[in-house]
Amino acid sequence: MDAEHMGDKLLNVLFTEEQIQHRLAELAQEVWEDYKDKDVLLVGVLKGAVLVMADFMRALPGSAPIDFLAVSSYGSGTKSSGVVRILKDLDTDITGRHVLIVEDIIDSGLTLSWIKTNLESRGPASVEICTLLRKPEAAKVEIDVKYVGYDIPPAFVVGYGLDYDEHYRNLRVIGTLAPHVYS
């Protein structure tokens, strides 16, 4: 879906498809330099990170296995509840592996902090985080993020995997959702 199809539901475009692809390619190069000689597993957090994960891994100069974890902390709201439920666990044993969590966005950090702690309890060699977007002003917990695509203001954004109530994930850009849509 293109931004023109959003009408008055989209306030503005923060990042175009081209900007997103370019930044993911840069992140992939950084990650590859750090992990090219290590047994790294990319872990995507469903559902939002699907597009980020797909384009990020295609931009890697070499091969890296992937797995997915699905958690719920939002329901149909616009803010994380902080209460996390695992909907789909990893299929891969991560004992002794280097794990790179690939995320679409870090908002409050509550969910990701819980995920990182959970994965660290499973005996991996390391757990690091790569995210396309981060909202520093919305952070409720401090979380160390090794790779960040863009820092953004605390607006509610959709597109490129990011949704509101399961809508707008297929928007090719990332933009600010108009408040009248979710209020």
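Check the entry above for the structure.
Residues numbered from 1 in each chain as written. Predicted model: local features only at pLDDT ≥ 70, side-chain atom pairs only at ≥ 80, totals over all residues. Heavy atoms only, no water.

A. Fine view of the overall build of the protein. Counting its regular elements, the protein contains 4 helices and 9 strands. Starting at the N terminus and ending at the C terminus, the protein contains elements arranged as β-α-β-α-β-β-β-α-β-β-β-β-α. For 183 residues, the compact-globule estimate of 2.2 N^0.38 gives 16 Å, and the protein sits close to it at 16 Å. Seen through its C-alpha atoms, the protein measures out along the principal axes to roughly 50 × 35 × 25 Å. Excluding contacts between residues fewer than 6 apart, the proportion of contacts in the protein whose partners are at least 24 apart in sequence is 66%. Total accessible area on the protein is roughly 8800 Å²; 49% of this is exposed by carbon and sulfur atoms. Side chains of the protein give 18 positive and 28 negative charges; the mean places of these two sets differ by 3 Å. (Helix = DSSP H or I, 4+ residues; strand = E, 2+ residues; numbered from the N terminus. Rg over C-alpha atoms; globule rule 2.2 N^0.38 Å. Contact = heavy atoms within 4.5 Å. Areas by Shrake-Rupley, 256 points an atom, 1.4 Å probe, with all protein chains shown as cover. Lys, Arg positive; Asp, Glu negative; His and termini not counted. Charge placed at Lys NZ, Arg CZ, Asp CG, Glu CD.)

B. View of the packing of helix 1 (residues 17-35) against helix 2 (residues 50-59). Where helix 1 contacts helix 2, the axes come no closer than 8 Å and their chain directions differ by 55°. Compared by their axis directions, helix 1 and helix 2 come out oblique. The two elements helix 1 and helix 2 meet at a crossing, and its hand is right-handed. Across the interface between the two elements, Q21, L24, A25, L27, A28 and V31 of helix 1 pack against V52, D55, F56 and A59 of helix 2. Taken together, the residues of the contact of helix 1 with helix 2 break down into 8 nonpolar, 1 polar and 1 charged. (Axes fitted to C-alpha atoms, helices over the stretch in contact; angles between N-to-C directions. Parallel < 35°, antiparallel > 145°, perpendicular 65-115°, else oblique. Left-handed = near helix turned anticlockwise from the far one by under 90°. Nonpolar A, V, L, I, M, F, W, Y, C, P; charged D, E, K, R; others polar.)

C. Layout of helix 2. Along helix 2, the residues classified as buried are V52, M53, D55 and F56. Where helix 2 is buried, its residues touch helix 1, strand 2 (40-46), strand 3 (66-72), strand 5 (98-106) and strand 6 (126-134). (Buried < 20%, exposed > 50% of the residue type's maximum accessible area, 1.4 Å probe, protein only.)

D. Spotlight on the sheet that holds strand 7 (residues 147-151). In space, the 6 strands of this open sheet follow the order 4-3-2-5-6-7, with mixed pairing throughout. Since the sheet does not close on itself, it has two edges, and those belong to strand 4 (85-88) and strand 7, each with one partner. Ignoring which end each strand starts from, the neighbouring axes of this sheet average 30° apart. With respect to the sheet, helix 1 is in contact with strand 2, strand 5, strand 6 and strand 7, its orientation differing from that of strand 7 by roughly 160°. Contacting strand 2, strand 3, strand 4, strand 5 and strand 6, helix 3 (residues 110-120) crosses the sheet at an angle of about 170° to strand 5. (Pairing = 2+ DSSP bridges.)

E. Region of the structure containing the environment of L51. With respect to the helices, strands and loops of the structure, L51 is situated in helix 2. Sequence separation between L51 and L14 is 37 residues; the distance between their C-alpha atoms is 17 Å. Sequence-distant contacts of L51, defined by excluding residues within four places in its chain, comprise Y160, G161 and R169.

F. Fine view of the sheet that holds strand 1 (residues 10-15). Reading across from one edge, 1-9-8 is the order of the 3 strands in this open sheet, with antiparallel pairing throughout. If you trace the sheet from one side to the other, it starts and ends with strand 1 and strand 8 (157-158), each paired once. Sheet topology places strand 1 next to strand 9 (residues 174-177); 4 bridges connect them, and they run antiparallel. By the bridge assignment for strand 9, F15 is matched with I174.

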